[in-house]
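# Structural characterization, general
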Amino acid sequence: MKTTLPKLLVLPFFVVLTLMSSLNAALAQSSTGIITGLVTTTDTKPASGVSIKVAGSSKSTLANEDGYFEIKNLVPGHYELKISLVGYQTQQEKVTVQAGKTSNVFIQLKLSKNQLNEVVVTSGHAKFAKKETEYVARMPLKNLENPQVYSVISNEVMKEQIVVDYKSALRNAAGTSTLLQAANGRAYTFMRGFITGNFIRNGVSAYQYSAIDPANVERIEVIKGPSGTLFGSGMVSYGGLVNRVTKKPFDTAHTEISYTGGSFGLNRITADINSPVSEDKRALLRINTAFHSQGSSMDSGFERNYLIAPSFTYRANDRLSFTSGILQLFHLTIFKIQHFGPIRV
């Protein structure tokens, strides 16, 4: 009897415990209430994923795919529901909860007139691929609307690569090769098998009397194929053309000075100074200057040159402005051959 008595008492104990738990759940349900409802949009379609929160408490839920929601175990009383969804106005709905009963609500969302903040997604891929230009097509066309084949070498690319000469910058244009150099330092570019001179400056013809220093170059536009004839047949080749865009003044003060050193005694100093001349910022002045000194792998080879390139802009009104390159002086001493001369504007 001592060994079987505890076993006989276990079963009644669990039965009593189960009955007490069921009784407590029934009493809890009878002493609390439930809120159910339907959420629709302005076109009476079910709104899914809507957030419904009971103000002043931690209870909340989301509407299902059919727009229905349910909040249980609420103490009898008056409640305020906050209903929110992205793109719609946040609404408040007052509900009275009674013990043992279910309160039903119907909510119709209204479109919000508030404009959402713009979300810009950027990537590090092709961060230098800037092809916006008005010179290539001779009209303000977007890149996707322009059927021409061209490449744009921006100033950001040249800074990233620490470009110190014009030929190195042109290496960024696919399908081109800049190997030839005249006695005065002028570079020739091979494009699609044809020799192309660099005789286009800011979209117009500008004969090149000497080498080009990249300190005054904002970007280089390489246009390939017959579309280069838009600039005139006298300065282009069958391969295309190269248009160099120089730096222009702008309406804020800016000063940038840089030094570059490298192999074979490379020493290069550049300065970019921009400043408004008048208080109303109608007259603007920008000066780009550079000094370049470098030896060579050859015993007698060396290069010494300096650049002074001021530019002036006057804004007559919002639609009319005048820009002049004034005069660009470039002095070059290369392989003991000296050349000095202005570049025509």
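Use the structure listed above.
Nothing here was measured: the structure is a model prediction, and the numbers come from that model. (Residues numbered from 1 in each chain as written. Predicted model: local features only at pLDDT ≥ 70, side-chain atom pairs only at ≥ 80, totals over all residues. Heavy atoms only, no water.)

### Quick notes on the pairing of strand 6 (residues 91-97)
Which entries qualify depends on this criterion: Here a strand pair is declared whenever DSSP counts at least two bridges between the two strands. Here a strand is any run of E in DSSP of at least two residues, a helix any run of H or I of at least four, and the numbering for each starts at the N terminus.
Bridge count between strand 5 (residues 77-84) and strand 6: seven bridges; the pairing is antiparallel. Within strand 6, the position partnered with His78 by the bridge is Thr96. Linking strand 5 to strand 6, which pair antiparallel, is a turn of six residues; within it Gly87 sits at a positive phi near 95°.

### With respect to the sheet that holds strand 12 (residues 200-201)
If you trace the five strands from one edge of the open sheet to the other, you get 8-14-15-12-13, paired in mixed fashion. Each edge of the open sheet carries a strand with a single partner, namely strand 8 (149-154) and strand 13 (204-205). Bridge count for strand 12 against strand 13 is two bridges, and the pairing is antiparallel. Looking at the pairing, Ile200 lines up with Ser205 of strand 13.

### Things to note about the packing of aromatic side chains
The condition that has to hold: Under the pairing criterion, centres of Phe, Tyr and Trp rings, with the six-membered ring standing for Trp, must be within 6.5 Å; the plane angle then separates stacked pairs below 30 degrees from edge-to-face pairs above 60, leaving the rest tilted. The classification of residues rests on relative accessible area computed with a 1.4 Å probe and restricted to protein chains. Under 20% of the type maximum is buried, over 50% is exposed, and intermediate values are partly exposed.
Tallying each qualifying case throughout the model produces one aromatic pair. Seen from their ring centres, Phe194 and Tyr238 are 5.4 Å apart, and the 55° between their planes marks the pair as tilted. Here Tyr238 lies in the loop between strand 14 (217-224) and strand 15 (240-246) and Phe194 lies in strand 11 (residues 194-197), a separation of 44 residues in the sequence. Its relative accessible area of 39% is what places Phe194 among the partly exposed residues. For Tyr238, a relative accessible area of 69% corresponds to the exposed category.

### Quick word on the sheet that holds strand 7 (residues 102-108)
The test is simple: Axes here refer to lines fitted to C-alpha atoms; in helices the fit is confined to the stretch in contact. Angles between the N-to-C directions go from 0 to 180 degrees.
What the three strands build is an open sheet, ordered 4-1-7; its pairing is mixed. Every interior strand has two partners, whereas the edge strands, strand 4 (68-74) and strand 7, have only one. Strand-to-strand twist of the sheet, defined as the mean angle between neighbouring strand axes without regard to direction, takes the value 20°. The pairing of strand 1 (residues 33-40) with strand 7 spans seven bridges and is classified as parallel. When the sheet's bridge partners are listed, Gly37 is paired in strand 7 with Val105.

### Overview of unusual backbone geometry
With phi around 55°, Asn202 is a residue other than glycine that occupies positive phi space. Along the polypeptide, Asn202 turns up in the loop between strand 12 and strand 13. Backbone geometry at Phe264 places phi at a positive 55°, although glycine is not the residue there. Among the secondary structure elements, Phe264 is positioned in the loop between strand 16 (254-262) and strand 17 (266-276).

### A word on the environment of Ile83
For clarity, the threshold we go by: We call two residues in contact whenever any of their non-hydrogen atoms come within 4.5 Å of each other.
Position of Ile83 among the secondary structure elements: in strand 5. Owing to a relative accessible area of 0%, Ile83 belongs among the buried residues under this scheme. Along the primary structure Ile83 and Val50 are separated by 33 residues, whereas in three dimensions their C-alpha atoms are 6.9 Å apart. Setting aside its immediate chain neighbours within four residues, Ile83 contacts Val50, Ser51, Ile52, Gln89, Thr90, Gln91, Glu93, Ile107 and Leu109.

### Topic: the environment of Ala283
Mapped onto the elements of the fold, Ala283 is located in strand 18 (residues 283-295). Assessed through its relative accessible area of 10%, Ala283 is described here as buried. When the C-alpha positions of Ala283 and Phe322 are compared, they lie 9.6 Å apart, and in sequence the two are 39 residues distant.

### Looking at the pairing of strand 19 (residues 302-315)
Where strand 18 and strand 19 come together, 13 bridges link them in antiparallel fashion. Of the residues in strand 19, the one forming a bridge with Gln294 is Glu303. Between strand 18 and the antiparallel strand that follows it, strand 19, lie six residues. With four bridges connecting them, strand 19 and strand 20 (residues 321-324) associate as antiparallel partners. Residue pairing in the sheet places Phe312 in a bridge with Ser324 of strand 20.

### What to know about the pattern of salt bridges
This is how it is decided: By definition here, a salt bridge exists when the distance from a side-chain nitrogen of Lys or Arg to a carboxyl oxygen of Asp or Glu is within 4 Å.
Summed over the entire model, instances satisfying the criterion amount to eight salt bridges. In this structure, Arg219 engages Glu221 in a salt bridge whose closest nitrogen and oxygen atoms are separated by 2.9 Å. Glu221 gets classed as buried once you look at its relative accessible area, which sits at 0%. Residue Arg315 is joined to Asp251 by a salt bridge in which the shortest nitrogen-to-oxygen separation is 3.8 Å. Here the residue Arg315 occupies a position in strand 19, and Asp251 occupies one in the loop between strand 15 and strand 16, the gap between them amounting to 64 residues. Residue classification places Asp251 among the partly exposed positions, given a relative accessible area of 30%.

### Here we look at a nonpolar patch on the surface
Applied cut-off: Patch building starts from residues that exceed 30% relative accessible area and form no salt bridge, then joins like charges within 9 Å and nonpolar side chains (Val, Leu, Ile, Met, Phe, Trp, Tyr) within 5 Å. Accessible surface is estimated by sampling points in the Shrake-Rupley manner with a 1.4 Å probe; for residues, cover comes only from the protein chains shown.
A surface patch of nonpolar side chains, about 920 Å² in accessible area, is lined by Ile257, Tyr259, Ile269, Ile273, Val277, Leu285, Ile287, Phe291, Tyr306 and Ile308. Listing elements by their share of the nonpolar patch, those giving two or more residues are strand 16, strand 17, strand 18 and strand 19. Of all the elements, strand 18 adds the most residues to the nonpolar patch, at three residues. On the secondary structure map, Ile273 appears in strand 17. Exposure remark for Ile273: the relative accessible area of 42% places this residue in the partly exposed category.

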